[in-house]
Amino acid sequence: PSSPTDSTTILTQTTQLAQMQTLQEQITTAQESFALQMREAAASFVGRQVTWTDADGKGQTGVVASVDYTGATPMLKVGGTDVALDAVQTLAPAN
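The shown structure was predicted, so the numbers you read here are calculated from the model rather than taken from an experiment.

Chemist: It is not clear to me how the overall build of the chain should be interpreted in this structure. Could you clarify?
Modeler: Helices and strands together make up the secondary structure of the chain, namely 1 helix and 5 strands. Scanning the chain from its N terminus toward the C terminus, one meets helices and strands in the order α-β-β-β-β-β. For 95 residues, the compact-globule formula gives about 12 Å, and the C-alpha radius of gyration of the chain, at 23 Å, lies well above that figure. In terms of principal-axis extent, the alpha carbons of the chain reach across some 70 × 25 × 20 Å. Within the chain, the proportion of its 95 residues that are buried is 18%. Sequence-distant contacts, at least 24 apart, represent 41% of the contacts inside the chain between residues at least 6 apart. On the chain, the mean spot of the 4 positive side-chain charges and the mean spot of the 9 negative ones are 14 Å from each other.

Okay, here's the thing in structure tokens:
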């Protein structure tokens, strides 16, 4: 409490702090859940064909061999290329 002059002020400020802490915990849980969903999605791409646009603006296609989880966004290993999960444009069964 910033200025504990009366019990109502203390109670109000304590309640606000508790609400902020609860909100922060919910945000953290949502972020962790999203990260887990991205990992699960990336794992499901292994053995499947994906398309993406490379740095030169050319469309590329290949089969996902593995996934690298070391960065913030999972990277799909397609041939000798790393493709960010969020760069994938299409997903199909491998030919």
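Chemist: Even after reading the chapter, I still don't get the pairing of strand β3 (residues 75-78), so can you show me in this structure?
Modeler: Taking every second residue as pointing to the same face, the buried face of β3 carries Leu76 and Val78, while none of Met75 and Lys77 on the other face is buried. Hairpin connection between strand β2 (residues 59-68) and β3: a loop of 6 residues separates the two successive antiparallel strands. Note: β3 against strand β4 (residues 81-84), 4 bridges, orientation antiparallel. Along β4, the bridge assignment pairs Val78 with Thr81.

Chemist: Sorry if this is basic, but what is going on with helix α1 (residues 7-44) here?
Modeler: An α-helical turn contains 3.6 residues, so a residue and the one three or four places further along point in the same direction. Here α1 contains 38 residues, and its C-alpha end-to-end distance of 55 Å stays within 8% of the 56 Å for a straight helix at 1.5 Å per residue. Here α1 has its buried residues at Gln13, Met38 and Ala42. In this fold, the buried residues of α1 make contact with β2 and β3. By the N-cap criterion, in which a side-chain oxygen at the helix start approaches the backbone nitrogen of a residue two or three places on, α1 is capped by Asp6, the distance to Thr8 being 3.0 Å.

Chemist: Would you mind showing me how to read the sheet that holds strand β5 (residues 90-93) here?
Modeler: Adjacent strands of a sheet form backbone hydrogen bonds with each other and so pair up, either parallel or antiparallel. Across the sheet, 5 strands lie side by side as β4-β3-β2-β1-β5; this open sheet has antiparallel pairing. For this open sheet the edge positions go to β4 and β5, each flanked by a neighbour on one side alone. Across this sheet, the average inter-strand angle for adjacent strands is 45°, counted without regard to direction. Relative to β3, β2 runs antiparallel, the two being bridged by 4 bridges. For Val67, the partnering residue across the bridge sits in β3 and is Leu76.

About the thresholds
Residues numbered from 1 in each chain as written. Predicted model: local features only at pLDDT ≥ 70, side-chain atom pairs only at ≥ 80, totals over all residues. Heavy atoms only, no water. Helix = DSSP H or I, 4+ residues; strand = E, 2+ residues; numbered from the N terminus. Rg over C-alpha atoms; globule rule 2.2 N^0.38 Å. Buried < 20%, exposed > 50% of the residue type's maximum accessible area, 1.4 Å probe, protein only. Contact = heavy atoms within 4.5 Å. Lys, Arg positive; Asp, Glu negative; His and termini not counted. Charge placed at Lys NZ, Arg CZ, Asp CG, Glu CD. Pairing = 2+ DSSP bridges. Expected span 1.5 Å × (residues − 1). Polar contact = N/O pair within 3.5 Å; in protein donor to acceptor, adjacent residues only side chain to side chain. Axes fitted to C-alpha atoms, helices over the stretch in contact; angles between N-to-C directions.

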